[in-house]
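Examination of the molecular architecture
Each chain, letter by letter, is given below.
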Amino acid sequence: MSTHPEVIVDSQLSAPREVGAEQRWKTAIERSQTGERPIKVIRPPSFSINAIFTGLRTLAQYSDLLYTLSLFRLSVRYKQSVLGWTWAALQPLALMGIYTIIFTRVTTVATGGIPYPVFVFSALLPWIFFSSTISNAVNGLVLYPNLLTKMYFPREIIPLSYVLAALTDFCIASVILTGVMAYYKVPLTWHLLYAIPIVVILGGVAAAVALVLSAIQVRFRDMGLAMPFLLQIWMFTVPVVYSLQSVPVRFRSLYLLDPVAGLIEDFRRVVVHGTPPGLRSLALCGALTVVGLTLAYAFFKSSEATMADVI
């Protein structure tokens, strides 16, 4: 017999309004009182601190499902693929080759003495991690309507599983970056350790955006259609193919209001240039990410109760 909690919506516990509903209502009440099966009551959506802590406790109980679903993302992506996991490195390598030809043959970009392939590859990795998370997670909920309507689990597991899957691809591509740096004789320094908190914060930003957009996508499918175009534009508003020094000084403060831009520049700085990031700006970005992720999670949980009805 299944041990999953039976889901009863509050509206099912209200007074019966149709013929035969009274008996079903009494049966549901009797089950909850006798304890035959654990019952999960889906209450009306609420945007509150209590909903956040309750959701986090439930998410911790389903951590094994998050792990399993993340592995499922990777296995499905590379199933029956000849190159398999190599595809995780082919995308940034192909983009590196294209941008190297354009920005070394057609025009030039100031790189601070760093070979352009290393320069652009080091920024492509965090950007692809961020953009692939969002582009995949935004459609995650609508791709699995049977899961949302037939069983209970924390719905945030679906978008969060895309974050972990993209992080795995990022780690694989990072090995290739190390090889490219060795080929061009770019040394590694101890400042490379700063890349860990930078990637963690970037993952938090990606998770916050994924939670909000995936919840909106359930009601308004325009979001999924517009996302590829928006990400293409977004890429050229962050320092991926060019350096932060290319941005005029008078606009630089406004430019860095986008946390993704600052995090990508910091990642390139610690990995390639071997210099520490701006600790004050990094701490501020981390604090803003915590606040933004909290609000995004509260918004997602407030929309969760009606997702099965809307989808």
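Quantities reported herein were computed from a predicted structural model and do not represent experimental measurements.

Rules and cut-offs
Residues numbered from 1 in each chain as written. Predicted model: local features only at pLDDT ≥ 70, side-chain atom pairs only at ≥ 80, totals over all residues. Heavy atoms only, no water. Phe/Tyr/Trp six-rings, centres within 6.5 Å; stacked < 30°, edge-to-face > 60°. Helix = DSSP H or I, 4+ residues; strand = E, 2+ residues; numbered from the N terminus. Buried < 20%, exposed > 50% of the residue type's maximum accessible area, 1.4 Å probe, protein only. Contact = heavy atoms within 4.5 Å. Core = buried A, V, L, I, M, F, W, Y, C linked by side-chain atoms within 4.5 Å. Salt bridge = Lys/Arg side-chain N within 4 Å of Asp/Glu carboxyl O.

The next thing to look at is the packing of aromatic side chains. All chains considered together, the criterion is met by nine aromatic pairs. Ring geometry for Trp127 versus Phe130: centroids 5.8 Å apart, planes at 40°, classification tilted. Here Trp127 and its partner Phe130 are both found in helix H5 (residues 116-137), three residues apart, which amounts to about one turn of the helix. Take Trp127 and Phe130: they sit in the same class, and that class is buried. Seen from their ring centres, Phe129 and Phe170 are 5.7 Å apart, and the 45° between their planes marks the pair as tilted.

With that settled, the discussion passes to the environment of Ile201. Inspection of the secondary structure assignment puts Ile201 in helix H8 (residues 195-219). Through-space distance from the C-alpha of Ile201 to that of Pro259 is 9.4 Å; in sequence the pair is 58 residues apart. If sequence neighbours within four positions are ignored, Ile201 has contacts with Leu263, Leu282, Cys285, Gly286 and Thr289.

Our focus in this paragraph is the nonpolar core. Membership of the largest hydrophobic core comes to 54 residues, with the highest contact counts inside it found for Trp127, Val240 and Val241. Within the residue set of this core, elements represented by two or more residues are helix H4 (87-106), H5, helix H7 (157-183), H8, helix H9 (222-235), helix H11 (259-273) and helix H12 (279-304). Excluding anything up to four places from it in sequence, Trp127 contacts Leu231, Trp234, Met235, Val238, Val240, Val260 and Ile264. Counting residues in each nonpolar core, the second largest holds 26 residues, with Leu66, Ile158, Ala210 and Leu211 among its members.

Below, the discussion takes up the pattern of salt bridges. Evaluated as defined, the whole model comprises four salt bridges. One salt-bridge network, held together by shared partners, links Glu156, Lys301 and Glu304.

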